[in-house]
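# Structural description and commentary
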Amino acid sequence: MMKRWQAVKRLFPFVGLVLLLSACGREDLSALRPQGPVAQGQFDLMKLSIAIMIVVLLIVFGIAGYVWMRFRRRPGQTDIPEQVEGNFKLEVIWTVIPLILVIILGVATVQKVFAHGENYWNDKNAVKVKVTSHQFWWEFNYPDYGVTTAQDLIIPTGKKIAFQLKTADVLHSFWVPSLAGKTDTNPEGAINNAWFTADKEGVYLGKCAELCGQSHGLMEFKVKAVSQESFDSWVKAMKEPVALPEDQATAEVFKNQCLTCHAIGSEGGPSAPNLTGIGGRESVASILINGQDGTAKENLKTWLEDPQAVKPGNTMPNPKEDLKLTDEQIDAIADYLANSKLKTD
Amino acid sequence: MDWLTTVDHKKIGILYLIAGALFFGIGGIEALLIRWQLIKPMNDFVSAQTFNELITMHGTTMIFLGVMPLIFALMNAVVPLQIGARDVAFPFLNSLGFWTFLFGGVLLNISWVMGGAPDAGWTAYTPLSSKLYSDTHGVDFYTVGLQIAGLGTLIGGINFLATIITMRAPGMSFMRMPMFTWTAFITSAIILFAFPAITVGLVLLSFDRILDANFFDVSEGGNPVLWQHIFWIFGHPEVYILILPAFGIISEVIPTFARKRLFGYSSMVFATILIAFLGFMVWAHHMFTTGMGPVANALFSISTMLIAVPTGIKIFNWLFTLWGGQIRFTAANLYASGFIPTFVMGGVTGVMLASAPADYQFHDTYFVVAHFHYVIVGGLVLGLFSGLHYWWPKMFGRVLDEKLGKIGFWFFIIGFHLTFFVQHFLGLMGMQRRIFTYLRGQGFDTLNLVSTIGALLMGVGVLVFLFNVIVTTRKPAGAPNDPWEDGRTLEWSIPSPPPEYNFKQIPLVRGLDAYWKEKMAGHTEMTPAEPVGSIHMPSASILPFVMSAGIFVAGLGFMYHQYVVLVLGLVITFACMAIRSLYDDHGWHIDPEETTEKGVKE
């Protein structure tokens, strides 16, 4: 009895390790600190499998350590050890036990596969979002509200968010570790579905997980979970008309050079990130973080001065070289965009 | 010149070893550059484009040009000896297989100096690998180079199948074959079934890119997910092509240095076959996030988990081989011992990955990077080092320096765990794979630094091995037949290195571990199964080299739309084939007097 307790005691550090795991990484980023039911379910599965695997490892390491120490050849030992052919009973044991472990994990897995594979696109209570990935940015369209935005995905807390995902160019993969695992974005014709819920308000980091070209590592986005009221007022603000730059000359440049691809408010095109309310977003180009590394205006200027230096391989033309904008014009546009914030109550 | 024309399996083994080591070195340097770039956040040591080329070439080089030929090196050096054969079934093809592999590998690598290496990842997922999104010739080098190299592998695999089926010494039934030969046999069978898939895939992709076909182009009715299926129908069995020979090596090294026969031999054979079979059933577990739906995901989850069962059988059989033995920790056995816990760690993360919903989190992160490096480096590369230390005396007649071997081992294994253990946590904490840089303050910084330091230590370990090889080569050859004194299989019954004809008389096999059995019966040599007679040998030939060079030229011409060059290359190759077919070559004979006079060593 005493011996068995000793063995159990030795397990403590590993149980501790599992607990430690749950404190690993940032709350808004780590898959080990789930913030919603989908990520939680995945984390539970991870914990189950890690626990099983640690038991397996302990047994193997234990036997290995024991035989290495116990059965070394001593100097002068010349006898021949018994040549054992095998042992039917033992071999059956180590076939059956892994099978049982696999069945345990298998049952839990199948359960979760179907639970997480549910399609809530036709659920009336769910907020629907169409995600379109581009090299190297994310477009979020809310078909029920007629709103399109980029880079910052705004969602109400506590609600199921149902996604339809596709790509406009190469394959990408949509991933918000602390809310849910990834879903690939395939071209039109192979649209994927996914869903998640955020329990708490906050900003969660999202990433592209499928190699998609040069700036794959920089193709990030944010999920901003807010209260239902804030969400509603955000939707309202998104639909209000946006004033173009007051200065006529700047407005002209902005209209001719930027709005051919970008959209702001009801004007402009859809082939580049929607700029509505960009001054109030978490970041510029998803990696120049506002309020931490600099202000939105500084970040916008850094971007406009040389987009290739910030995100190599992106399709934005160089404002200076390709569009022949002057420093003053760039400054004015950056200033205008930095001040373009959504008025929400 | 002798080396260009040789058809001797032992020499071809050495050629594979040198070529494999060269590419392994290139892939290793690429790995170190990758790790150096990731040593700190927002590093600008290499550009994003260069980084993508580095990861693509690192993966491609290591899998196809680094470890595959090293496996073929050991298979060539050992398998004919283990089954008591004088050569492989088709010596000419063996040489052809090597040269097509080498020329394919060279073609792939000259992309570095010919305007851009492939940059779409070693998996080359479309549409990223299509001409629209990868507009240099990089991916063309990938498709054409791998096609040519893959030809060599397929030829090699078929050759070993034929050799093992038809050329076993009298008395060596299948269930008396050494484990390494068994795994070589099963690996060759997997090659036979898996490589045609990648061949087809590469043809389709190169047609898309070079001849404007549209197999994978959505706008023309193609399907990019098709590539993923084709790639992984090959790609998953490929993992077992790589790891099974390592299992075989471990199954040879452990019994020798434990002085015991392999525990559960027949269950080992059964487990090997089962792993190979299941290996073909699970390819889509690489695609859980592609959107195949819950039913497919559930099925592929379960079938993947099942592989843990035969693998577990193997692990416990090794442990119980050691149980009750007399273990000697030579460098070879240190690597084999390091293999067991390390590979088990890679195996359990594999089971974790098999659970589809959890894989939605693991997929395409550093957790996966950690997992497959535990399996491929911690499993296969440790196995290869073990095998090289073990069979070096048989290949070169010199025993590698034990002290240096052990120093190299400790550098390598400590560096290895430092590099890859922390990567599990990086992945779970949200670091996706294949990113050329990462932003500050995400909690990735320290672990990446640790990982890079570990990679440098691994590099030192490899350099120590290289130094060991150089030091050993400068010593006189004088290894005895059975340098480990407890050799169990046929290769230890003949001189090190073996004479050109391997066995003066084909031995008679009277049981499993044939040589051990004779030793236990008090004999020092195998009982011959035939009288001393003249030995038929195949003639050396330059044709395989020229044929492969022709394919190489044709490949370059195809890529660059230079059809004159393409035709020229094909003419060279077909002319060689014609010469080979029309000109009868009956080989030559070694007379019995010569074998005794020349003695065993040349």
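In this text the structure is predicted, and so the values were computed from the model without any measurement.

### Regarding the overall build of chain A
Looking only at helices and strands, chain A features 8 helices and 14 strands. Against the 2.2 N^0.38 benchmark of 20 Å for 345 residues, chain A shows a C-alpha radius of gyration of 27 Å, more extended than a compact globule. Classification of the 345 residues of chain A by burial places 52% in the buried group. Once local pairs closer than 6 in sequence are excluded, the contacts in chain A between residues at least 24 apart make up 62%. When the accessible surface of chain A is summed, it comes to about 16,100 Å², and 56% of that surface belongs to carbon and sulfur atoms.

### A short note on the interface of chain A and chain B
On the side of chain B, 89 residues touch chain A, which itself brings 88 residues to the contact. Between chain A and chain B lies a buried interface of about 7,600 Å² when both sides are counted; carbon and sulfur atoms form 70% of it. For the pair chain A and chain B, the number of links is 1 salt bridge. For the interface between chain A and chain B, the tally reads 29 residue pairs in polar contact (both at pLDDT 80 or more).

### Some words on the confidence of the model for chain B
Scored by pLDDT, chain B comes out at a mean of 94, with 99% of its residues at no less than 70. In the predicted structure, residues 597-602 of chain B sits below a pLDDT of 50 and forms 7 contacts with residues beyond four places in sequence or in another chain.

### A few points about the layout of surface pockets
Residue and element names in this part refer to chain A. As a volume, the second largest pocket reaches approximately 670 Å³. Along its surface, the second largest pocket is lined by 35 residues, and His262, Ala272, Pro273, Trp303 and Met316 are the ones closest to its centre. For the lining of the second largest pocket, the elements supplying multiple residues, two or more each, are α5 (248-258), β13 (283-284), α6 (296-305) and α8 (327-338). Considering only residue class, the lining of the second largest pocket consists of 22 nonpolar, 10 polar and 3 charged.

### Points about the sheet that holds strand β2 (residues 137-142) of chain A
All names here are of chain A. The strand order across the open sheet formed by 5 strands is β3-β2-β1-β5-β8, and the pairing between neighbours is mixed. Of all strands in the sheet, those bounded by a partner on one side alone are β3 (147-150) and β8 (192-196). For this sheet the average axis-to-axis angle between neighbouring strands, irrespective of direction, equals 25 degrees. Across 4 bridges, the pairing between β2 and β3 is antiparallel. Looking at the pairing, Glu139 lines up with Ala150 of β3. Sitting on the sheet, helix α4 (residues 228-239) is in contact with β1 (127-134), β2 and β3, with an inclination near 95 degrees to β3.

### A short note on the packing of helix α13 (residues 366-396) of chain B against helix α15 (residues 445-473) of chain B
Residue and element names in this part refer to chain B. At a minimum axis distance of 13 Å, the contact between α13 and α15 shows a crossing angle of 15 degrees. Between α13 and α15, the interaxial angle falls into the category roughly parallel. Pair α13 / α15 crosses with left-handed handedness. When α13 is examined against α15, the residues Val377, Phe385, Leu388, His389 and Trp392 are found in contact with a partner set consisting of Met458, Val462, Phe465, Asn468, Val469 and Thr472. For the contact of α13 with α15, the residue count by class is 8 nonpolar, 3 polar and no charged.

### Some details on the nonpolar core
Counting 282 residues, the largest nonpolar core has Tyr142, Leu153, Phe163, Phe174 and Phe196 of chain A together with Trp318 of chain B as its most contacted members. Per-element tally for this core: the top contributor is helix α3 (residues 48-82) of chain B, with 21 residues. Excluding its chain neighbours within four sequence positions, the residues that come into contact with Trp318 of chain B are Phe247, Ile250, Ser251, Ile254, Leu262, Met268, Phe339 and Ile340 of chain B. By size, the runner-up hydrophobic cluster in this structure holds 8 residues, among which are Val113 of chain A together with Ala284, Phe300 and Ala356 of chain B.

### Topic: a nonpolar patch on the surface
Residues and elements named next belong to chain B. On the surface, a cluster of nonpolar side chains totalling about 510 Å² of accessible area is made up of Ile29, Leu32, Leu33, Trp36, Phe45 and Leu456. Residue contributions to the nonpolar patch peak at 4 residues, all from helix α2 (residues 9-37). Position of Trp36 among the secondary structure elements: in helix α2.

### Some words on empty space enclosed by the protein
Residue and element names in this part refer to chain B. The final tally for this structure, using the stated rule, is 5 cavities of 30 Å³ or more. Put simply, the largest cavity is a space of about 110 Å³. Lining the largest cavity are 14 residues, and of these Ser251, Glu252, Pro255, Leu262 and Asp513 sit closest to its centre. Top contributing element to the lining of the largest cavity by residue count: helix α7 (residues 224-258), with 4 residues. When grouped by side-chain class, the residues that make up the lining of the largest cavity number 7 nonpolar, 3 polar and 4 charged.

### Considering the sheet that holds strand β6 (residues 172-176) of chain A
All names here are of chain A. Within the open sheet, the 5 strands sit side by side as β4-β10-β9-β6-β7. Their pairing is mixed. The sheet terminates laterally at β4 (152-156) and β7 (180-185), the two strands that pair on one side only. Going from strand to strand, the sheet's axes swing by 25 degrees on average, the running direction of each strand aside. As judged from the 2 bridges shared by β6 and strand β9 (residues 202-208), these two strands associate in the antiparallel manner. Considered in β9, the bridge of Trp175 is made with Lys207. Running at roughly 130 degrees to β4, α4 makes contact with β4 and β10 (220-226) of the sheet.

What counts and how
- Residues numbered from 1 in each chain as written.
- Chains lettered and ligands numbered in written order.
- Predicted model: local features only at pLDDT ≥ 70, side-chain atom pairs only at ≥ 80, totals over all residues.
- Heavy atoms only, no water.
- Helix = DSSP H or I, 4+ residues; strand = E, 2+ residues; numbered from the N terminus.
- Rg over C-alpha atoms; globule rule 2.2 N^0.38 Å.
- Buried < 20%, exposed > 50% of the residue type's maximum accessible area, 1.4 Å probe, protein only.
- Contact = heavy atoms within 4.5 Å.
- Areas by Shrake-Rupley, 256 points an atom, 1.4 Å probe, with all protein chains shown as cover.
- Buried area = accessible area lost by both parts, 1.4 Å probe.
- Salt bridge = Lys/Arg side-chain N within 4 Å of Asp/Glu carboxyl O.
- Polar contact = N/O pair within 3.5 Å; in protein donor to acceptor, adjacent residues only side chain to side chain.
- pLDDT = per-residue confidence, 0-100.
- 1 Å grid on protein atoms, 1.4 Å probe; cavity = no way out; pocket = protein on both sides within 12 Å on 5 of 7 lines; lining within 4 Å.
- Points joined across faces, edges and corners; volume = space filled by probe spheres on them.
- Nonpolar A, V, L, I, M, F, W, Y, C, P; charged D, E, K, R; others polar.
- Pairing = 2+ DSSP bridges.
- Axes fitted to C-alpha atoms, helices over the stretch in contact; angles between N-to-C directions.
- Parallel < 35°, antiparallel > 145°, perpendicular 65-115°, else oblique.
- Left-handed = near helix turned anticlockwise from the far one by under 90°.
- Core = buried A, V, L, I, M, F, W, Y, C linked by side-chain atoms within 4.5 Å.
- Patch = residues over 30% accessible without salt bridge, like charges linked within 9 Å, V, L, I, M, F, W, Y side chains within 5 Å.

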